[in-house]
Amino acid sequence: MIKGRLVGSRIVVWDINDSRQLYGSGYYGKPIGVPKPKGTEFDAPLVLDLMEGCYLAEKGRLKISQPDGKAVTPAEIKKICKKQYVDFDDKYLVFLDLRGKGYVVTPGIKFGCDFAVYERGPGIDHAPYLVQVFRPTDELTATGVVLAGRLATTVKKQFILAIPKAGKAVDYVGFDWWRA
Amino acid sequence: MSVPPAPEKQEEVQAVEARISGSRILVDDVRVQDELRTRGYGEKEGDDYVLKPYEALYLMQAKRLTVKGKEMTFDSLFEFLLKHDRNIMTRFLVYRDLKSRGYVAKEGFGFGDDFRVYERGEYEKKPAKYVVFGVSEGANVSAKDFAGAVEEIEKMGKDAVVAVIERRGEVIYYKASRMRFAQNKHDTSIPGK
């Protein structure tokens, strides 16, 4: 199993071969200091975000430990995630749904949303789907809709609301410019 | 929606004389009723022919509506209608914008401040193609209800359109559609060397 070290709110995979393997199996993590990796030919440790780490740990692909070597169980990672993310459970449900269906799910912060989702992979798809998670009771405001539409038009890709509903299913609603 | 906004070329209705009864706006003249009906204004309700508040406001603004026995202006009609419908401004702004783009818009299905909207030139020929609903500051809808509404609209075979009204009345439209993320058919693994 691949080993990862919990460093603050990130998980580092120090072993280069493990890093390449993990990155190469669906674009998990990001090699340190390599903004646009070409394939898996990088010589850098891999940084995973907590959500990816939690997912991989639960899947039994990643064994996480503290800097002092103490093991961190998947349940403990999840607990840390809940502290670090707002509405972690809802976001994680969407992450699970999309990763489970074989999509590459990366943090969407640089686009101003929760996830940037790729069909082939970052750098290969011309643009990701931008996904924002809404809890069922969250209110859809005028500002929210305009922001969504603005994003979709600038990135030229659909902006999608993901609304987790009962039974782990997720409703997705896409927004497109409508030329009236 | 590739057709550019058409100018309001269709001959508009001539002078309409209306009568206020309670909170309703009625038109008594049968010939005027017919003319209104073919242009997509108003509806028969029992023995009465009733204009919706936003229709009355639109016709009033176009200087085609007068109210029997009253010196009514757009302002006074608006003030009057506001007492019965708090959301009249949102509804009117969306309605007015759709009309100015050459659409026929009729009362919606109750998803909120919604209209059923006919593709240009299709009114009375085909069912409404769109359901347009207004979202303005203060009148929000929950994400769950919104997704539910989009689903229902699509089940009716129509497109859901969200109309956002900015603070000064400009309307921005977005098409909302349910997405299905099927199993990804692409391979996301990176071939090693």
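Rules of the game
- Residues numbered from 1 in each chain as written.
- Chains lettered and ligands numbered in written order.
- Predicted model: local features only at pLDDT ≥ 70, side-chain atom pairs only at ≥ 80, totals over all residues.
- Heavy atoms only, no water.
- Helix = DSSP H or I, 4+ residues; strand = E, 2+ residues; numbered from the N terminus.
- Rg over C-alpha atoms; globule rule 2.2 N^0.38 Å.
- Buried < 20%, exposed > 50% of the residue type's maximum accessible area, 1.4 Å probe, protein only.
- Contact = heavy atoms within 4.5 Å.
- Areas by Shrake-Rupley, 256 points an atom, 1.4 Å probe, with all protein chains shown as cover.
- Phe/Tyr/Trp six-rings, centres within 6.5 Å; stacked < 30°, edge-to-face > 60°.
- Lys NZ or Arg CZ within 6 Å of the ring centre and 35° of its normal.
- Salt bridge = Lys/Arg side-chain N within 4 Å of Asp/Glu carboxyl O.
- Polar contact = N/O pair within 3.5 Å; in protein donor to acceptor, adjacent residues only side chain to side chain.
- Pairing = 2+ DSSP bridges.
- Domains from an automatic or database assignment.
- Nonpolar A, V, L, I, M, F, W, Y, C, P; charged D, E, K, R; others polar.
- Axes fitted to C-alpha atoms, helices over the stretch in contact; angles between N-to-C directions.
- Parallel < 35°, antiparallel > 145°, perpendicular 65-115°, else oblique.
- pLDDT = per-residue confidence, 0-100.

Details of the overall build of chain A
Here comes step 1: If you tally the helices and strands in chain A, you get five helices and 12 strands.
Here comes step 2: Relative to its length of 180 residues, chain A is compact, with a C-alpha radius of gyration of 17 Å against a globular reference of 16 Å.
Here comes step 3: In terms of overall dimensions, chain A has C-alpha extents of about 60 × 35 × 25 Å along its principal axes.
Here comes step 4: Here chain A holds 180 residues, and 52% of them are scored as buried.
Here comes step 5: Across chain A, contacts joining residues at least 24 apart in sequence account for 50% of those joining residues at least 6 apart.
Here comes step 6: Summed over its atoms, the accessible surface of chain A is roughly 8600 Å², and 53% of this surface lies on carbon and sulfur atoms.

Some thoughts on the packing of aromatic side chains
Here comes step 1: Summed over the entire model, instances satisfying the criterion amount to 26 aromatic pairs over all chains.
Here comes step 2: Geometrically, the ring pair formed by Tyr54 of chain B and Tyr95 of chain B is tilted, given 4.9 Å between the ring centres and 50° between the ring planes. With a gap of 41 residues between them, Tyr54 of chain B in helix 2 (residues 53-61) and Tyr95 of chain B in helix 4 (residues 88-100) connect regions that are remote in the sequence.
Here comes step 3: On the basis of relative accessible area, Tyr95 of chain B is assigned to the buried category, the value being 0%.
Here comes step 4: We note Arg99 of chain A situated over the ring of Tyr28 of chain A; from NZ or CZ to the ring centre the distance is 3.8 Å.

Things to note about the interface of chain A and chain B
Here comes step 1: At the junction of the two partners, chain A supplies 45 residues and chain B supplies 39 residues.
Here comes step 2: Applying the counting criterion to the chain A and chain B interface returns one salt bridge.
Here comes step 3: Between Arg178 of chain B and Asp171 of chain A there is a salt bridge whose closest N-O contact spans 3.2 Å.
Here comes step 4: The tally of links between chain A and chain B comes to 17 residue pairs in polar contact (both at pLDDT 80 or more).
Here comes step 5: Elements with a minimum of two residues in the side of chain A that touches chain B: helix 1 (16-24), helix 4 (88-100), strand 10 (139-140), helix 5 (142-155), strand 11 (159-164) and strand 12 (170-177) of chain A.
Here comes step 6: If you tally residues by element for the side of chain A that touches chain B, the top one is strand 12 of chain A, at seven residues.
Here comes step 7: Bridging between strand 10 of chain A and strand 9 (residues 141-142) of chain B involves two bridges; their strand directions are antiparallel. Bridging from a neighbouring strand, Glu139 of chain A pairs with Ser142 of chain B of strand 9 of chain B.

What to know about the domain arrangement of chain B
All names here are of chain B.
Here comes step 1: What the domain assignment reports for chain B is domain 1 (1-85) and domain 2 (87-193).
Here comes step 2: For domain 1 versus domain 2, the distance between C-alpha centres works out to 25 Å.
Here comes step 3: Facing the 25 residues of domain 1 at the interface are 23 residues of domain 2.
Here comes step 4: Across the contact surface, domain 1 and domain 2 share one salt bridge.
Here comes step 5: At the boundary of domain 1 and domain 2, one finds seven residue pairs in polar contact (both at pLDDT 80 or more).
Here comes step 6: Secondary structure elements with two or more residues in the side of domain 1 that touches domain 2: helix 1 (30-38), helix 2 and helix 3 (74-82).
Here comes step 7: With six residues, the top contributor of residues to the side of domain 1 that touches domain 2 is helix 2.
Here comes step 8: For the side of domain 1 that touches domain 2, a count of residues per class yields 14 nonpolar, four polar and seven charged.

Quick word on the packing of helix 2 of chain B against helix 3 of chain B
All names here are of chain B.
Here comes step 1: Taken N-terminus to C-terminus, the directions of helix 2 and helix 3 make an angle of 170°; their axes are 10 Å apart at the nearest point. With respect to helix 3, the axis of helix 2 lies roughly antiparallel. Along the contact surface, helix 2 presents Pro53, Ala56, Leu57, Met60 and Gln61, while helix 3 presents Phe74, Leu77, Phe78 and Leu81.
Here comes step 2: The class makeup of the residues in the contact of helix 2 with helix 3 is eight nonpolar, one polar and no charged.

Describing the sheet that holds strand 8 (residues 115-118) of chain A
Here comes step 1: Ordered in space as 7(A)-8(A)-9(A)-11(A)-12(A)-11(B)-10(B)-8(B)-7(B)-6(B), the 10 strands form an open sheet in which the pairing is mixed. A strand with exactly one partner marks an edge of an open sheet, and here the two such strands are strand 7 (104-107) of chain A together with strand 6 (104-107) of chain B. For this sheet, the mean inter-axis angle between neighbouring strands, taken without regard to orientation, is 30°.
Here comes step 2: As paired strands, strand 10 (residues 159-165) of chain B and strand 11 (residues 171-179) of chain B are joined by six bridges and run antiparallel to one another. Each residue of the ladder has a partner; that of Val162 of chain B, found in strand 11 of chain B, is Tyr174 of chain B.
Here comes step 3: Packing against the sheet, helix 4 of chain A makes contact with strand 7, strand 8, strand 9 (129-133), strand 11 and strand 12 of chain A, and its axis sits at approximately 85° to strand 12 of chain A.

Details of the side chain of Arg91 of chain B
Here comes step 1: Along the chain, Arg91 of chain B turns up in helix 4.
Here comes step 2: Among all residues touching Arg91 of chain B, those that are not within four sequence positions of it are Tyr54, Asp85, Glu107, Gly112, Asp113, Asp114 and Phe115 of chain B.

Quick look at the environment of Val117 of chain A
Residue and element names in this part refer to chain A.
Here comes step 1: Locating Val117 in the fold gives a position in strand 8.
Here comes step 2: As for Val117 and Gly102, which are separated by 15 residues in sequence, their C-alpha atoms are 10 Å apart.
Here comes step 3: Excluding anything up to four places from it in sequence, Val117 contacts Leu98, Tyr103, Val104, Val105, Pro128, Tyr129 and Val131.

Structural notes on the confidence of the model for chain B
All names here are of chain B.
Here comes step 1: Looking at chain B as a whole, its pLDDT mean stands at 89, while 91% of the residues score no less than 70.
Here comes step 2: Per-element averaging of pLDDT across chain B places strand 9 at the bottom with 86 and strand 4 (residues 48-51) at the top with 97.
Here comes step 3: Interface confidence for the predicted complex, given as ipTM, is 0.82, next to a pTM of 0.85.

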